[in-house]
Amino acid sequence: MTLTLADIFAARRRIAGVAAVTPLVPSPFMQQRTGHDFLLKLETTQPIGAFKLRGAANAVLQQPEGTRDGTRGVTCCSTGNHGRGVAYAARARGLRAVVCMSSLVPQTKIDGIEALGAEVRIVGRSQDDAQRECLRLVADEGLTEISPFDDPAVVAGQGTIGLELSEQRPDLAAILVPLSGGGLAAGIALAAKAINPDLRVIGITMDRGAAMHASIRAGHPVEVEEVASLADSLGGGIGLDNRLTFALCRDLLDATVLVTEAEIYRAMQTLYYEDRIVCEGASAVGHAAILSGKWSPPGPTATIISGRNLDMTLHADIMQGRDVTLGDLAIGGQPYAA
Ligand SMILES: *Cc1c(COP(=O)(O)O)cnc(C)c1O
């Protein structure tokens, strides 16, 4: 399976009008900190509040058109931004979308997906149960499963960010990318490096449960334990049978950097108080890598502010410097100070 720059240009034409071309705005604070131009790619301004719409739209828009109550349609089992992206893109295409979830998923997530016009199917008590239902819908009802990252159409869709960055700032020396399954990082690296081979692409993730980082180290996909994180959108594995994003990230990323929960907490405060941006923990890992001193820009740098879909009570707690608890994770708060 090969993906080329031509596939990413084709994705851009296909998703135009469904996914947004997003702004790239300067961060004067981070520029002063790093001594180089520092830019924020605001995927928070997508209609679903996250970049996942790009890949989901590129995959869904390649399905034959259908009727919403017909048998044709798409399915996935993401309760997060990918589920939102698939639901939104399916509605734009007039296709039925079924998002499978376990009974442990909070009602707000169910409401969010239903508000985008998708059916929600609650099955069992784990992500594995939801995944089994998804596969059953593929087998019995002929729905097409849209993978959150390990699908060439999804990677090409995320890669349209790399095209936009190359045009918005052709002089970029580096791009910082939040890293989980690797669809975002692989797509951006593929596009941006095809246009400028000297550009560095750095994948950044949390130090607990960093599946792609551990897999690149091991030389093959490995499983890691999934734990709670402020960067919840970066949780989950890359799949032991990964067919695409593992090899692309291994070959195209110049480095991977791991950041702690305390560093993500502080970076979310910095984005709010200095850049006036509300975003999820996953979006703050680029700031975290720099503010912690773990990575230094070699020149003009862009960071992907990948999404803004978080609980606003949690956001308010962090902005006030309060302690927060998520599952097995407790983080001691600190009021913001530059
Ligand atoms: C999915 C997601 C990521 C990571 O993307 P991958 O393609 O899985 O690496 C980063 N940030 C947000 C907000 C996401 O939803």
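Before reading on, note that the structure itself is shown above.
Residues numbered from 1 in each chain as written. Predicted model: local features only at pLDDT ≥ 70, side-chain atom pairs only at ≥ 80, totals over all residues. Heavy atoms only, no water.

Asks: Just to check I follow, could you spell out the environment of Asp129 for this structure?
Replies: You can see Asp129 is positioned in helix α6 (residues 127–141). In this structure, the C-alpha to C-alpha distance between Asp129 and Tyr88, residues 41 residues apart in sequence, is 24 Å. Beyond its immediate sequence surroundings of up to four residues, Asp129 is in contact with Val123 and Gly124. At 2.9 Å, the side chain of Asp129 and the backbone nitrogen of Arg125 are in polar contact. (Helix = DSSP H or I, 4+ residues; strand = E, 2+ residues; numbered from the N terminus. Contact = heavy atoms within 4.5 Å. Polar contact = N/O pair within 3.5 Å; in protein donor to acceptor, adjacent residues only side chain to side chain.)

Asks: What's the story with the sheet that holds strand β3 (residues 73–76) in this structure? I'm lost.
Replies: The four strands are arranged β5-β4-β3-β6 in an open sheet whose pairing can be described as parallel. Strands at the two margins of the open sheet, each flanked by one partner only, are β5 (119–122) and β6 (144–145). Both β3 and strand β4 (residues 96–101) contribute to a ladder of four bridges, which runs parallel. Residue pairing for β4: Val74 is matched across the bridge by Ala97. The strands touched by α6 are β3, β4, β5 and β6; relative to β4, the strand with the most contacts, the crossing angle is about 150°. (Pairing = 2+ DSSP bridges. Axes fitted to C-alpha atoms, helices over the stretch in contact; angles between N-to-C directions.)

Asks: Which parts of the structure should I look at to understand the packing of helix α9 (residues 211–218) against helix α10 (residues 245–252)?
Replies: Each pair of packed helices gets described by two things: the angle between the helix axes and the distance between those axes. At a minimum axis separation of 10 Å, α9 and α10 run at an interaxial angle of 75°. Looking at the two axes, α9 sits roughly perpendicular to α10. Facing α9, whose interface residues are Met212, Ser215 and Ile216, α10 presents Thr245, Phe246, Cys249 and Arg250. (Parallel < 35°, antiparallel > 145°, perpendicular 65-115°, else oblique.)

Asks: I would appreciate a short explanation of the site of the ligand in the present structure.
Replies: Near the ligand there are 16 residues, and of these Lys52, Asn81, Ser180, Gly182 and Ser306 occur at the shortest range. Within the contact set of the ligand, an oxygen atom lies 2.9 Å away from a backbone nitrogen or oxygen of Gly183. Leu184 has a polar backbone atom sitting 2.9 Å from an oxygen atom of the ligand. Protein contact buries 96% of the 390 Å² of open area that the ligand shows by itself. A per-class count over the shell around the ligand returns six nonpolar, eight polar and two charged. (Near = heavy atom within 4 Å. Areas by Shrake-Rupley, 256 points an atom, 1.4 Å probe, with all protein chains shown as cover. Nonpolar A, V, L, I, M, F, W, Y, C, P; charged D, E, K, R; others polar.)

Asks: Teacher, can you tell me more about the pairing of strand β10 (residues 301–305) here?
Replies: Each regular strand displays side chains that alternate between the two surfaces of the sheet. Most of β10 sits out of view: five of its five residues are buried. Judged from the five bridges that link them, strand β2 (residues 38–42) and β10 form a sheet pairing that is parallel. When the sheet's bridge partners are listed, Leu39 is paired in β10 with Ala302. Across three bridges, strand β7 (residues 174–178) lies against β10 in parallel orientation. (Buried < 20%, exposed > 50% of the residue type's maximum accessible area, 1.4 Å probe, protein only.)

Asks: How should I be thinking about the state of the cysteines in this particular structure?
Replies: Here is the idea: a disulfide is a covalent bond, and it sits between the sulfur atoms of two cysteines. Tallied over the full model, the rule gives zero disulfides. Between Cys76, a cysteine without a disulfide, and Cys134, which holds the nearest cysteine sulfur, the sulfur-to-sulfur distance is 6.5 Å. Classification of Cys76 as buried rests on a relative accessible area of 1%. (Disulfide = S-S within 2.5 Å.)

Asks: Can you walk me through the pattern of salt bridges in this structure?
Replies: Side chains that carry opposite charge are capable of pairing whenever their charged atoms lie near each other. The final tally for this structure, using the stated rule, is 19 salt bridges. A salt bridge links Glu164 to Lys41; the shortest N-O distance between them is 2.7 Å. Highlighted residues: Glu164 in helix α7 (residues 152–168) and Lys41 in strand β2, separated in sequence by 123 residues. Note that Asp251 is salt-bridged to Arg250, the shortest N-O span being 3.0 Å. A relative accessible area of 40% places Arg250 in the partly exposed class. Put simply, Arg96, Glu119, Arg121, Glu133, Arg136, Asp140 and Glu141 are held in one network by salt bridges that share partners. (Salt bridge = Lys/Arg side-chain N within 4 Å of Asp/Glu carboxyl O.)

No statement about biological role is implied by the geometric values presented.
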